[in-house]
Protein chains: 2
Amino acid sequence: MNIGDVSSRSGLPAKTIRYYEDIGLIKPHRSANGYRCFAETDLHKLAFLGRARALGFTIEDCRTLMALYEDESRASADVKQLALEHLAKIEEKIADLQAMRDTLGELVKGCAGDSRPDCPILKDLSGEV
Amino acid sequence: MNIGDVSSRSGLPAKTIRYYEDIGLIKPHRSANGYRCFAETDLHKLAFLGRARALGFTIEDCRTLMALYEDESRASADVKQLALEHLAKIEEKIADLQAMRDTLGELVKGCAGDSRPDCPILKDLSGEV
DNA sequence: TATGAGGGTTCCAGTCAGGGGAAGGTCAAG
DNA sequence: CTTGACCTTCCCCTGACTGGAACCCTCATA
């Protein structure tokens, strides 16, 4: 397969696939004309990466996950720990964003949103509380 | 005030303050020795920026917000619109993260986390569903 | 007077995960 | 033979800083 085929079959942009080769996540062969030549296993890896990235794992996490996946003697505890750490980061981000949303929501609620200059949002930002 | 003073009084790192000058958000004067020389109004602006950034506004949003703040004839509707758009982005991010959390949470729940290799997390990532 | 600590300055490079686009090689169809 | 769709490498760009090098300024102390 050429890169266009893997791209459409994996859903990943060609740029992303080249980048993943660049950082050593995949190692496709080359055809005589210099084109990348992907096997089914490469496609499988790319799909794996796409799903892991969609769950928010970092590239380095993905590298570790792939290594675990390929290691038949892995302990599921190692996978679970990585997932739990990632889950904790997600929870933290959610909490941060919710705090922003709550504060901002309150400010928006108090703002008339008309043609007058008086505005509690700016008032809060400027520190006049 | 020197940059160290504004840094501790605003809570922003000196690096960040220099960066804000670089991109034109503030324009402190200079002393004879070349040091930045901050007035109270600069400190006030930096505090404004710090609060806006803490609410997740982008730098460009902050630029707009500051301009609105300094424009006495602004309409609060403009501020409110900016805030509402930002709020919508926050909501979207929260929803994305919650979807990740839910999926990942399910996978983690199903993983024994022991010394055996069998792992539903890797199974899901590899597409064997 | 030297010197050392603790400010300050500029500039360059790196972060993360790719995206945009230029310049050029390859291949199948008309 | 040319056109158009692919493919290649290469370099710069993103946001919002952060780290570090190399150098300057000021003051207190030995």
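Naming follows an unreviewed UniProt entry, where chain A appears as Copper export regulator of Leisingera aquaemixtae. Listed under Subcellular location (unreviewed entry) in UniProt, the entry text for chain A is "Cytoplasm".

1. Observations concerning the UniProt feature "coiled-coil region" (unreviewed entry) in chain A
As recorded in UniProt, the feature "coiled-coil region" (unreviewed entry) lies at residues 80-107 of chain A. Helix makes up 100% of residues 80-107 of chain A and strand 0%, whereas the separation of the span's terminal C-alpha atoms amounts to 40 Å.

2. A closer look at the state of the cysteines
For the structure on display, the rule yields zero disulfides over all chains. The thiol sulfur of Cys119(A) is not disulfide-bonded, and the nearest other cysteine sulfur, from Cys111(A), lies at 3.9 Å.

3. A look at the environment of Lys45(A)
All names here are of chain A. Mapped onto the secondary structure, Lys 45 falls in helix 3 (residues 40-54). For Lys 45, a relative accessible area of 25% gives the class partly exposed. Other than its neighbours up to four places away in sequence, Lys 45 contacts Leu 25, Ile 26, Met 66 and Glu 70.

4. Observations regarding the interface of chain B and chain A
One frequent convention defines the size of an interface as the accessible area lost when the parts assemble. Listed per partner, the contact involves 52 residues of chain B and 52 residues of chain A. Our count for the contact surface shared by chain B and chain A stands at two salt bridges. Its salt-bridge partner being Arg101(B), residue Glu91(A) comes within 3.4 Å of it at the nearest N-O pair. For the interface between chain B and chain A, the tally reads 20 residue pairs in polar contact (both at pLDDT 80 or more). Elements that contribute at least two residues to the side of chain B that touches chain A include exactly helix 3 (40-54), helix 4 (59-70), helix 5 (76-109) and helix 6 (120-125) of chain B. If one sorts the elements of the side of chain B that touches chain A by residue count, helix 5 of chain B sits on top with 21 residues. Considering only residue class, the side of chain B that touches chain A consists of 29 nonpolar, 11 polar and 12 charged.

5. Here's the deal with the packing of helix 1 (residues 3-10) of chain B against helix 2 (residues 14-22) of chain B
Residue and element names in this part refer to chain B. Running from N to C, helix 1 and helix 2 point in directions that differ by 105 degrees, and their axes come no closer than 9 Å. One finds that helix 1 runs roughly perpendicular with respect to helix 2. In this structure, helix 1 uses Ile 3, Val 6, Ser 7 and Ser 10 to contact helix 2, whose residues at the interface are Ala 14, Ile 17 and Arg 18. By residue class, the composition of the contact of helix 1 with helix 2 is four nonpolar, two polar and one charged.

6. A closer look at the pattern of salt bridges
All names here are of chain A. This structure, assessed with the given rule, holds 20 salt bridges over all chains. The residue Arg 116 makes a salt bridge to Asp 114 at a minimum N-O spacing of 2.5 Å. Between Lys 123 and Asp 118 there is a salt bridge, with its nearest N and O atoms 2.8 Å apart. Residues participating in the shared-partner salt-bridge network are Glu 21, Arg 30 and Arg 36.

So, how was this worked out
Residues numbered from 1 in each chain as written. Chains lettered and ligands numbered in written order. Predicted model: local features only at pLDDT ≥ 70, side-chain atom pairs only at ≥ 80, totals over all residues. Heavy atoms only, no water. UniProt positions renumbered as here; feature names shortened; annotations may be inferred. Helix = DSSP H or I, 4+ residues; strand = E, 2+ residues; numbered from the N terminus. Disulfide = S-S within 2.5 Å. Buried < 20%, exposed > 50% of the residue type's maximum accessible area, 1.4 Å probe, protein only. Contact = heavy atoms within 4.5 Å. Salt bridge = Lys/Arg side-chain N within 4 Å of Asp/Glu carboxyl O. Polar contact = N/O pair within 3.5 Å; in protein donor to acceptor, adjacent residues only side chain to side chain. Nonpolar A, V, L, I, M, F, W, Y, C, P; charged D, E, K, R; others polar. Axes fitted to C-alpha atoms, helices over the stretch in contact; angles between N-to-C directions. Parallel < 35°, antiparallel > 145°, perpendicular 65-115°, else oblique.

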